[in-house]
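# Chain and residue survey
Take a look at the letters that make up each chain.
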Amino acid sequence: MPPFVEDTIVAISTPPGIGGLAVVRISGSLALETINQYFASAQKLKPRYATFGKLKHSSLSEGEFDDCVVTYFKGPHSVTGEDLVEISIHGGAYLQQKLLEVLLRAPGLRAASAGEFTFRSFLSGRIDLSRAEAVADLIHAKDEAAHKNARNQLLGNLRLLVDAMSERLIHSLTILEAELDFSDQEIEFSPPQDLIGPLSEIQETTNSLLETYFYGRRLEEGIRIPLVGAPNSGKSSLFNLLLGEERAIVTAQAGTTRDTIEKSIVIAGHSIVLVDTAGLRETHSEAELSGVDRSLDEIDSADLVILVHAPDTETSVPDELIHTPQITVYNKIDLVSARPENMDIYLSCTTGEGFELLKKRLYSQVVNMVNVGVGGVVLSRERHRDVFIRFKDQITVCITSIQNQLGPEYIASDLRQALDILGEITGKTTPDDILNQIFSGFCVGK
Amino acid sequence: MTVSRESYDVIVIGGGHAGIEAALATSRLGKNTLLITMETAALGRASCNPAIGGLAKGHLVREIDALGGEMAKATDHTGIQFKMLNRSKGRAVWSPRAQIDKKAYSAYMVNTCKSQAGLEIFEDEATAVTANEAGSVISGVLTRSGSSFKCQSLILTNGTFLNGLIHIGNKSFSAGRIGESASVGITESLIELGFKTGRLKTGTPPRIKRDSIDFSKTTIQAGDKNPEPFSFSTKNFDPPNEYCYITNTNQETHRIINGGLEFSPLFTGVIQGVGPRYCPSIEDKVVRFAEKTSHQLFLEPEWSNADQLYVNGFSSSLPEEVQLNSLRTVSGLENVEFIRPGYAIEYDFFPPSQLKATMETKRVKGLFFAGQINGTSGYEEAAAQGLIAGINASRSIDGSDAFVLERSEAYIGVLIDDLITKDTDEPYRMFTSRAEHRLLLRYDNAHFRLAEKGFKLGLTGQTLYEDVENQKALAVKTEAFFNSTYIKSDVINAMVETQATVKESQTLANILKRPGVSVEDIQSLLPDWVNDLSPTLLTLIATNTKYAGYIERERLQVERLSKHQQMRIPDAVDYLSMQAISFEARQKLDKIRPETIGRASRISGVTPADVSLLIILIKKNVSRETH
Ligand SMILES: Cc1cc2nc3c(=O)[nH]c(=O)nc-3n(C[C@H](O)[C@H](O)[C@H](O)COP(=O)(O)OP(=O)(O)OC[C@H]3O[C@@H](n4cnc5c(N)ncnc54)[C@H](O)[C@@H]3O)c2cc1C
Ligand SMILES: Nc1nc2c(ncn2[C@@H]2O[C@H](COP(=O)(O)OP(=O)(O)OP(=O)(O)O)[C@@H](O)[C@H]2O)c(=O)[nH]1
Ligand SMILES: [Mg+2]
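Residues numbered from 1 in each chain as written. Chains lettered and ligands numbered in written order. Predicted model: local features only at pLDDT ≥ 70, side-chain atom pairs only at ≥ 80, totals over all residues. Heavy atoms only, no water.

Turning next to the confidence of the model for chain A. Scored by pLDDT, chain A comes out at a mean of 80, with 81% of its residues at no less than 70. Taken as a whole, residues 140–153 of chain A scores under 50 in pLDDT and shows 13 contacts with residues more than four places along the chain or in a different chain. (pLDDT = per-residue confidence, 0-100. Contact = heavy atoms within 4.5 Å.)

Put into structure tokens, the structure is as follows:
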């Protein structure tokens, strides 16, 4: 975290449990300047005042962030002791994430690392000493998690990949550094142009890695699987069955579930968010109507849908479902002897028949979804993505410098910069790492 | 030799490259100084190769000059061949190197020291350091001849002499370097004071007779035609340009060396000390890089018109006859005769994590270490440390604050910071790759960076300082001119045909920034007052302009380094009880006991998270204490 306490950092800082409202905070010397580029309001931002307005920018769709509130705290009168901006927006995880991504593209901003806001508060004396230990725990816990937490197999793979990338970069750098520090010796040095190939490969890997991000996000937050179907088809019954507890209310009356209920379970080692939804049908009840709207939203953001049919209900498949992977379930088979064709699973929530098959089916579907990415690596943290975007840009700079035939010391400086960026994930590369490579690879010394 | 008193402000032990700079600095800063050394005539003797400077080392020499040291001047006076290394690359990594006349170099240093006011030289061997009863404050030294001296600051610069042990084949004997006796007693008295010590090794090649060489079978290597001096104060520089000669080993040479390995103290395990990987012996090279069929050798004269040459590249501790027989397979050396064989030497050093950035020991107040005793190798590394130790020994007597150069200010800063925060067990040598702010630390701007500091310290002369300031002002003016003077596009397009054409007029700076364009290419666009600047200054300015983007980026990085870098860590902090910090980091921190957060963060195995926690815990403890 240090040495760069002077950077401007940004993070989602919504306290858990407050749905609907999200707060994104920017802290540091560039905070005000940055928000002024995005925030349109009748009033100017004033310290310690909440100002209403909308976020407007070429990278944001029209109307996406129409009503938001920005509060500006001028340093040192803020929790971090620095200039601080809080942006409150309405909307769920998707919008928060979108805003964060957009802000991270602003020049000079970077994603905060674990505990960094709190750390700054501490440094500026804004939180008292009794909380210092708590901060310590936080930093410590996150750091440990990065290395140890078994659930984070994804992070472990990421480290391996990044290590491999830095190794290749160090190798390139070694060639340049050896030429700079040992040019008085009879060693054949390959020309910097030879580095363009390996660098382009690294860049391609980075591109592929960046493409996994959206997906990785979902893995991190949990793969969303809503149960969708006509009222009374047995969605809530199946939801409870999958959870192994009576979480949702089940009645014989159609339209029982009005609001969505979600709950996390683990399948194949991955976190899954199961969502019970209101049955889809034409309705005039206002409460039920908004429930139906939410169900359609859920389908929109689903990774996989379980579509529940039943003999005693009529299911109209909504348009939203066309592009979403789905498992079709024909429920209540205990009631009938004839089964329609083209269903994936035939099930009875009452007798349990077909449930094992459904579980198997879910398992393999999840495993297939997860087995994408680069060498088993999926980017799932915004901070990591931020690192890789800057890294990719820096590799472009390296390649341009080589093409412009700059001296090896300047190309080396560009490469070191790239390594420093990667080092935000794996730890810093030291001059000794490079010298060790030189000594083991070249016969130097007189 | 007699001395005038029993008590001195400063005593320096050892008249090597470190000791000389230390003693000159303290006496020039007005401290009564006694330099105790075994042999006055050996002052500034070059134990190994007859050369000063080279990659990264040349930077150190320039910095020493900017801070008022002596090494650069001595080199300019006694050099017999000068060469700028890395000339085909950018300025940041150019590095000057000189072949010196070893005898003249030493004589120059003897003369300089003898004529230095406030400096007395005493020829004797120091055998023990003395301290107060608690062992916490230095009090003086005892010598072989039975003298005892008191001092406020003591600077130890014993080089390779502490319990030195020379190896040639299976023979080994006590010596400080060939022909000089080892120093016995100092190590033991330091261990008694609680210091940790270790053993290192280095080696040197044979010296051969000029008239036994057939030069017609070698390649002549001359220096630069218009060399640049090391020192800013050297004017009308017109040094000799004597030849060195290049030849090569071959497979037959390697066969003989391989056959002699069973008598090599390196390979039989007789030598315990760790040697430098960047100065491998020939037997090391032959074994580790078996696929190489030939290694380059440089034959370097040890002094002007010397009858004695140094075989650079052939350092060895093999038995004399193996050295001789293998060397006789080399083209031009078929009938070579030795003046003396190569040898290896093992010696005591004191791991420099026991030092503060001032070169004062953490354990004993007033006691300073500089040079090879700190596990470095090289004349330049030694001289740089000697200078800093001398400056701080003097300032600590005055009660002035410490003089510490940052990593972003000088190679000397990198050198000392590395020494005290790294815990390596290999002899340390300077490389440009060790400097993360390499593009800022150029050899040509050493005086721009440091002369003012040297002047304020009282070491750098007024004339040199004013010269530097004038040049600085000229540089600023010229750079501004480059940035504000526009040239029409048709003029530019007509000039550089290989470049993409431009549509609008451009500043001179932007023209210079285009790939492949140098200041020589645009001379016709420059007014006389710019073209009349000295070529050295003009190139410096052009470099600043051309690479402004890079320089700015490094400057920003330095600025971004947090203020917490400077945050001091209390001496008594108890790392082992800091449970929140990882076990490995706690142990490292406890061992090295860094003085600042910046240094803590550079210790290997200490993660950024550990550093954050350290800041928290320290702030917490400090405020508890003040309650
Ligand atoms: C065999 C050999 C090979 C080397 N090879 C290389 C190499 O390949 N590359 C490289 O960069 N460097 C090499 N060096 C190292 C280089 O010579 C040293 O790094 C440099 O000289 C160190 O300077 P110094 O001032 O610390 O000590 P030195 O130059 O060793 O000077 C020490 C001085 O202290 C005096 N002294 C010591 N103890 C006492 C005492 N108790 N009382 C009084 N006077 C004392 C000695 O007489 C001597 O004058 C080699 C040195 C040797 C001996
Ligand atoms: N016989 C039989 N009845 C079932 C089965 N699954 C669910 N039911 C019954 O069907 C009725 C509706 O079940 P729910 O789980 O509430 O259905 P829902 O799809 O959540 O309904 P809404 O929330 O109203 O949309 C309840 O009376 C259940 O007991 C089944 O497999 N067999
Ligand atoms: Mg329901």
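Once the structure has been displayed, the description carries forward.
Moving on, we come to the site of ligand 1. Residues and elements named next belong to chain B. The immediate surroundings of ligand 1 are formed by 34 residues, with A18, A126, S183, Q372 and G378 found nearest. One nitrogen or oxygen atom from the side chain of S183 is found 2.9 Å from a nitrogen atom belonging to ligand 1. Notes on ligand 1: free accessible area 980 Å², of which the protein chains cover 97%. Broken down by element, the residue count for the shell around ligand 1 peaks at three residues, all from strand β12 (residues 198–204). The residue makeup of the shell around ligand 1, split by class, is 12 nonpolar, 18 polar and four charged. (Near = heavy atom within 4 Å. Polar contact = N/O pair within 3.5 Å; in protein donor to acceptor, adjacent residues only side chain to side chain. Areas by Shrake-Rupley, 256 points an atom, 1.4 Å probe, with all protein chains shown as cover. Helix = DSSP H or I, 4+ residues; strand = E, 2+ residues; numbered from the N terminus. Nonpolar A, V, L, I, M, F, W, Y, C, P; charged D, E, K, R; others polar.)

Right, let's talk about the coordination of the magnesium ion (ligand 3) for a bit. Any two of four tetrahedral donors ideally make an angle of 109.5 degrees at the metal, while pairs among six octahedral donors ideally make 90 or 180 degrees. Residues and elements named next belong to chain A. Summarising the metal site, the magnesium ion (ligand 3) is bound by the protein donors S236 (OG) and T257 (OG1), whose distances to it range over 2.0 Å. A residue pair is termed long-range when its members are at least 10 positions apart, and S236 in helix α8 (residues 235–243) and T257 in the loop between α8 and β9 (261–267) qualify at 21 residues. Judged by relative accessible area, which is 12%, T257 ranks as buried. (Donors = N, O, S within 2.8 Å, 3.2 Å for Na, K, Ca; no water. Buried < 20%, exposed > 50% of the residue type's maximum accessible area, 1.4 Å probe, protein only.)

Right, let's get into the confidence of the model for chain B. In low-pLDDT segments, the atomic positions of the prediction should not be examined closely. In this model, chain B carries an average pLDDT of 92, and 98% of its residues clear a pLDDT of 70 or more. Among the prediction metrics, the complex's ipTM stands at 0.85, with pTM recorded as 0.81.

Attention shifts here to the sheet that holds strand β17 (residues 308–312) of chain B. All names here are of chain B. Taken in spatial order, the six strands line up as β14-β15-β16-β17-β13-β18 in an open sheet, and their pairing is antiparallel. One side of each edge strand has no neighbouring strand; the edge strands of this open sheet are β14 (219–221) and β18 (338–340). Direction aside, neighbouring strands of the sheet carry axes that sit 35 degrees apart on average. Of the pairings in the sheet, the one linking β14 to strand β15 (residues 244–248) comprises three bridges and is antiparallel in character. Of the residues in β15, the one forming a bridge with Q221 is C244. (Pairing = 2+ DSSP bridges. Axes fitted to C-alpha atoms, helices over the stretch in contact; angles between N-to-C directions.)

All names here are of chain B. Here the structure, examined in full by the defined rule, presents 53 salt bridges over all chains. Measuring nitrogen to oxygen at the nearest pair gives 2.7 Å for the salt bridge that ties E70 to R28. Of this pair, E70 sits in the loop between α2 (57–66) and α3 (71–78) while R28 is found in helix α1 (residues 17–28), placing the two residues 42 residues apart along the sequence. Owing to a relative accessible area of 4%, E70 belongs among the buried residues under this scheme. With a closest N to O distance of 3.4 Å, K209 and E337 form a salt bridge. Here E337 lies in the loop between α8 (320–327) and β18 and K209 lies in strand β13 (residues 207–209), a separation of 128 residues in the sequence. Residue classification places E337 among the partly exposed positions, given a relative accessible area of 38%. Within the structure, one salt-bridge network assembled from shared partners comprises R407, D417, D418, K422, E436, R568, E595, R599 and R602. (Salt bridge = Lys/Arg side-chain N within 4 Å of Asp/Glu carboxyl O.)

All names here are of chain A. Near ligand 2 lie 24 residues; those nearest to it are N232, S237, G255, T256 and T350. Taking A252, its main chain carries an N or O atom lying 3.5 Å from an oxygen atom of ligand 2. One of the side-chain N or O atoms of D334 is found 2.9 Å from a nitrogen atom in ligand 2. Bound to the protein, ligand 2 loses 86% of the 650 Å² it would expose on its own. Of the residues that constitute the shell around ligand 2, the class distribution is seven nonpolar, 14 polar and three charged.

A few words on the domain arrangement of chain A. All names here are of chain A. Here chain A is described as being made up of domain 1 (8–127), domain 2 (139–212 + 377–426) and domain 3 (220–369). Listed by partner, the interface residues are 12 residues for domain 1 and eight residues for domain 2. Connecting domain 1 to domain 2 are two salt bridges. Remark: the boundary between domain 1 and domain 2 carries two residue pairs in polar contact (both at pLDDT 80 or more). Residue assignment for the side of domain 1 that touches domain 2 shows that the elements contributing at least two residues are α2 (93–104) and β7 (109–111). (Domains from an automatic or database assignment.)

Looking now at unusual backbone geometry. The omega torsion of the bond from A:G75 to A:P76 falls at 0 degrees, within 30 degrees of zero and hence cis. Assignment of secondary structure puts A:P76 in the loop between β5 (68–73) and β6 (84–90). In this model, A:Q405 sits at a positive phi of 55 degrees, which is unusual for a non-glycine residue. Taking relative accessible area as the criterion, A:Q405 reaches 63% and is therefore assigned exposed. The backbone of B:A56 sits at a positive phi, close to 70 degrees, despite the residue not being glycine. Assignment of secondary structure puts B:A56 in the loop between β3 (51–53) and α2.

The next point concerns the packing of aromatic side chains. By the definition in use, this model includes 19 aromatic pairs over all chains. Among the aromatic residues, those joined into a cluster by ring pairs are A:F182, B:Y278 and B:F431. Directly above the ring of A:Y49 sits A:K46, whose terminal nitrogen or CZ lies 4.4 Å from the centroid. Residue placement shows B:R363 over the ring face of B:F195; its charged tip is 5.9 Å from the ring centre. (Phe/Tyr/Trp six-rings, centres within 6.5 Å; stacked < 30°, edge-to-face > 60°. Lys NZ or Arg CZ within 6 Å of the ring centre and 35° of its normal.)

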